[in-house]
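# Residue-level structural notes
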Amino acid sequence: MSAQVIVFFILAAVAVLGAVSLIVQRHPIRSALSLIVVMVALAGLYLLQGSELVAAVQIIVYAGAIMVLFVFVIMLLNAGEEERTNVSRMARYVGLPLGFFLMLQLAWWVGRGTKGMATAASSSPAMTRNLSKLLFTDFLLPFELTSILILVAILGAVVLAKREN
Amino acid sequence: MVPSSYYLVLSAVLFGLGVVAFMFKRNIITIFMSIELMLNAVNLAFVTFSRHLGNLNGQVFVFFVIVVAAAEAAVGLAIIILIAKHRQSLNVERVDLLKL
Amino acid sequence: MSDFFNQPSVWIVSIIKVVVLMALMMTALAYLSWFERKVVAHIQSRWGPYRVGPHGLLQPLADGLKFLFKEDPTPGGVDKLIYFLAPFLAMALALCSIAMIPFGPSPWLQIANVNIGLLVLFAITSLGVYGVALGGWASNSKYPLLGGLRSSAQMVSYELSMTMSVVGVVLMAGTFNLREIIMQQQGYWLGVIPRWNLLAPPFPQVLGFFVYFVSAIAETNRVPFDLPEAETELVAGFHTEYASFKFAMFFMAEYANMITVSCLATLLFFGGWLSPFSAGGMMVWTLYIPTAVLAACAVLLFIDGLRYSTRFGRIVLPILALALAGLAAVCALPGVLAFVQGPFWFLLKVFLFLFFYVWLRGTLPRFRYDQLMSFGWKLLLPLSIANVILTSWMVLVNSK
């Protein structure tokens, strides 16, 4: 087993444990922290695949901005521990096994379907440059559209959060 | 080199865990976070296929997914703050009317 | 990536570099606190620390010991894991970012030369907010919670303009690699004015530097943006409930962030390790500036040491002066001469930035919270965006 495979398994274990912890933890801030762990582990996996730019963006935007917003809101609302109600007991005994069944199914079929896939060569060093070029030429229209999407989201957030007079 | 299928299985497992979290959690913020988990799992699949096929389009899509997630978080959290203000609770069971 | 896994020598060299840099950083952090207290004291016409050792030079050691032996109470009802995690997170992330900084042209003076070094640095610093926010939340107390909330809002808002402000530099350099960004700033204008990004064509980054430095001060929660720990309103902000070594870790993280931010300012706008003088022709003497500066310090310290009031000081200070003089002599050796140029200029510039930080703390009053927010969003962010637009336009015009 090469060093890369070992690193993969470590990062994968961290990611899966983080995701499980997201479910198990009852306090939202702990769930948020678990999700941050998953995101950092995924950034490590992107690095392992040679996608440096995606890894950096994953940490800067996802872990460093979006999740900070989550943590901020949890702190602002002073959210306490989750309550358990009758319906969530049904979720525990019926939904949870079904969900895990779905997960195993997914993993099983994806694993079976891609078993014969050969490993591709590692990426070229100039990938960041090529990626940026692609983003600003072939994908220019979607790129501009996302900026409009962001603008709309900002306006929406401002309107929603505005105090009613 | 790590085979691509390993990454894809991991992606599927994370997605499944996201689905489980989505159904199991009762707190709106945590439910929202499990959606982010699913998006992350999809991103992993995108990057893996992008490397496997030697085509960078997949990684461009990851950027778009991240941008959409950011926009979603901004609006979603604003809605959550409003709900929390009106209902004094973050439990989804208490949010059962189609108005604030 | 692959050679990193396959060559043990890479590992060993990296570990040696990490250990040496850690030791140096810890010393630097300790003495930065001494430096700050001393400078602020002199600004306010006080003496500052002067009891422990000559000129208070042993004060950092005494402080460290005090932190180690102090009682460390944990407030009731806290989330223990997060309460303990927060200071470690703050400290670890602050120290991590130093690994990307090249202190000189030699590859020995940088731990990790990453292709996208600048982005990695921003990635690490963008996680730094968790230490503060979680510390404030986990303390289970009102003032820390307010401090944590303020800090996360402040750091997220200023991170935006900070990231935007360096885009101009990246546009001009065409790379994210910190080493290459410095190499791009080589050369002199009219033979004298260095082509640093601050002054260089196609678009001098004066605006970018202004926005960068102001938002960097806000990012590190320093005066005049130290609202997260505003003593007069919030006791001590997010670290009110922290004591002993956990408090020291927050403290050191703040100083480490200050150093990183100053290093980055030097790298991006002030030519990094490049000397402000071109060493060609009759300017060869500039190569001896490091020796001259160190020798002058040594002489001053020696004279001061001989007249010092305590006997201990009269022994220690001249010895220190002699050590400095020895260092100065070593710097003039032909083999070492070229090697010390880079680190000397780099550290000198960083030192000036750190002095500026302390100077600000000694002079400026604190912003009000709404002023802070409107300053960040209504002034700095538009300025940084204008800088990006102007720079990209000029780069485009120049490339044609």
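Residues numbered from 1 in each chain as written. Chains lettered and ligands numbered in written order. Predicted model: local features only at pLDDT ≥ 70, side-chain atom pairs only at ≥ 80, totals over all residues. Heavy atoms only, no water.

### Topic: empty space enclosed by the protein
Residues and elements named next belong to chain C. Put simply, the rule is: Points on a 1 Å grid over protein atoms alone make up a cavity when a 1.4 Å probe fits among them but cannot get out, and a pocket when they form an open set with protein on both sides within 12 Å along at least five of seven lines; lining residues each have an atom within 4 Å of a point. Grid points are joined across faces, edges and corners, and a volume is the space filled by probe spheres set on the points. To qualify as a helix, a DSSP run of H or I must reach at least 4 residues; to qualify as a strand, a run of E must reach at least 2; elements of each kind are numbered from the N terminus. Note on residue categories: nonpolar means Ala, Val, Leu, Ile, Met, Phe, Trp, Tyr, Cys or Pro, charged means Asp, Glu, Lys or Arg, and polar means any other residue, Gly included.
Here the structure, examined in full by the defined rule, presents two cavities of 30 Å³ or more. Within the residue set of the lining of the largest cavity, elements represented by two or more residues are α4 (80-96), α5 (117-127), α7 (142-173) and α11 (244-269). With five residues, the top contributor of residues to the lining of the largest cavity is α11. Looking at the lining of the largest cavity residue by residue, the class counts come to 11 nonpolar, six polar and three charged. Empty space within the second largest cavity amounts to approximately 40 Å³.

### With respect to the interface of chain C and chain A
Cut-off, in case you're wondering: The criterion used for residue contact is that any of the two residues' heavy atoms lie within 4.5 Å. A simple way to read buried area is as the amount of 1.4 Å-probe accessible surface that goes missing from two parts once joined, with both sides added. The working definition used for a salt bridge is a side-chain nitrogen of Lys or Arg within 4 Å of a carboxyl oxygen of Asp or Glu. As used in this structure description, the phrase polar contact means that two N or O atoms lie within 3.5 Å; if the pair is within protein, one of them must be able to donate a hydrogen and the other to accept it, and residues adjacent in sequence are counted only when both atoms belong to side chains.
Taken together, the contacts link 27 residues of chain C with 26 residues of chain A. Surface buried jointly by chain C and chain A totals about 2,400 Å² across both partners, of which 76% is contributed by carbon and sulfur atoms. Counting every contact that joins chain C to chain A gives zero salt bridges. At the surface where chain C touches chain A, the tally comes to four residue pairs in polar contact (both at pLDDT 80 or more). Secondary-structure elements contributing two or more residues to the side of chain C that touches chain A are α1 (2-6), α4, α5, α6 (129-138) and α7 of chain C. For the side of chain C that touches chain A, a count of residues per class yields 20 nonpolar, six polar and one charged.

### Some words on the interface of chain A and chain B
On the side of chain B, 70 residues touch chain A, which itself brings 79 residues to the contact. Each partner contributes to the roughly 6,900 Å² buried at the junction of chain A and chain B, and carbon and sulfur atoms together form 79% of this total. Remark: the boundary between chain A and chain B carries nine residue pairs in polar contact (both at pLDDT 80 or more). Those elements that place two or more of their residues in the side of chain A that touches chain B are α1 (3-24), α2 (28-48), α3 (52-77), α4 (86-113), α5 (127-136) and α6 (140-161) of chain A.

### Some remarks on the confidence of the model for chain A
Keep this limit in mind: Every residue carries a pLDDT, the predictor's confidence in it, which falls somewhere between 0 and 100.
With 86% of its residues at a pLDDT of at least 70, chain A reaches an overall mean of 82. Across chain A, α2(A) holds the top mean pLDDT of 90, while α4(A) sits lowest at 77.

### A look at the environment of Ile181(C)
Mapped onto the secondary structure, Ile181(C) falls in helix α8 (residues 178-183). Dropping the residues within four chain positions of it, Ile181(C) is found in contact with Leu118(C), Val169(C), Ala173(C), Thr175(C), Phe176(C), Asn197(C), Leu267(C) and Leu268(C).

### Structural notes on the pattern of salt bridges
Residue and element names in this part refer to chain C. Let me state the cut-off plainly: Type-normalised accessible area, obtained with a 1.4 Å probe on protein chains alone, sets the label of each residue: buried when under 20%, exposed when over 50%, and partly exposed for intermediate values.
As enumerated under the stated definition, the model contains five salt bridges over all chains in all. Arg 222 is paired through a salt bridge with Glu 254; the nearest N and O atoms lie 3.3 Å apart. With Arg 222 in the loop between α9 (206-219) and α10 (231-234) and Glu 254 in helix α11, the pair connects residues that are 32 residues apart, well separated along the chain. A salt bridge links Arg 368 to Asp 370; the shortest N-O distance between them is 2.9 Å. By relative accessible area, Asp 370 is classed as partly exposed at 43%. Each of Glu 36, Arg 222, Glu 254 and Arg 361 takes part in a single network of salt bridges with overlapping partners.

### Regarding the arrangement of the chains
Across the two pairs of chains in contact, the largest number of contacts is found between chains A and B. One finds no contact between chain B and chain C; the C-alpha atoms of the two approach each other to within 9 Å at their closest.

### Examining the side chain of Ser157(C)
All names here are of chain C. Considering the arrangement of structural elements, one finds Ser 157 in helix α7. You can call Ser 157 buried: its relative accessible area is 5%. Within the structure, Ser 157 has its side chain in polar contact with the backbone oxygen of Ala 153 (distance 2.4 Å). If sequence neighbours within four positions are ignored, Ser 157 has contacts with Met 373 and Trp 377.

### Quick notes on the environment of Thr310(C)
Residues and elements named next belong to chain C. With respect to the element layout, Thr 310 can be found in the loop between α12 (289-306) and α13 (311-331). Taking the C-alpha atoms as reference points, Thr 310 and Pro 54, 256 residues apart in sequence, are found 7.6 Å from one another. A distance of 3.2 Å separates a polar side-chain atom of Thr 310 from the backbone nitrogen of Gly 313.

### What to know about the domain arrangement of chain C
Residue and element names in this part refer to chain C. Put simply, the test is: The start and end points of each domain follow an automatic or database-based domain assignment.
Domain parsing of chain C yields domain 1 (1-59) and domain 2 (70-272 + 378-400). Relative placement of domain 1 and domain 2: their C-alpha centres are 18 Å apart. The partner domain 2 presents 15 residues to the 12 residues of domain 1 that form the contact. Regarding the contact of domain 1 and domain 2, the summed buried area is about 1,200 Å², with carbon and sulfur atoms giving 81% of it. Interface area lost by domain 1 to domain 2 is led by Lys 17, Met 25 and Leu 29, which between them contribute 41%. Counting across the domain 1 and domain 2 interface gives one salt bridge. Here Glu 36 ties to Arg 222 by a salt bridge, and the two come within 2.5 Å at their closest N and O atoms. Summed over the shared surface of domain 1 and domain 2, the result is three residue pairs in polar contact (both at pLDDT 80 or more). When grouped by side-chain class, the residues that make up the side of domain 1 that touches domain 2 number nine nonpolar, one polar and two charged.

### Digging into the nonpolar core
The line we're drawing: Among buried residues, the Ala, Val, Leu, Ile, Met, Phe, Trp, Tyr and Cys ones that are joined through side-chain atoms within 4.5 Å form a nonpolar core.
Counting residues in hydrophobic clusters, the biggest one holds 177 residues, and the most contacted among them are Leu45(A), Met67(A), Phe70(A), Met33(B), Leu118(C), Tyr212(C) and Leu264(C). Residue contacts for Tyr212(C): discarding those within four places in its chain leaves Met162(C), Ser165(C), Val166(C), Val261(C), Leu264(C), Ala265(C) and Phe269(C).

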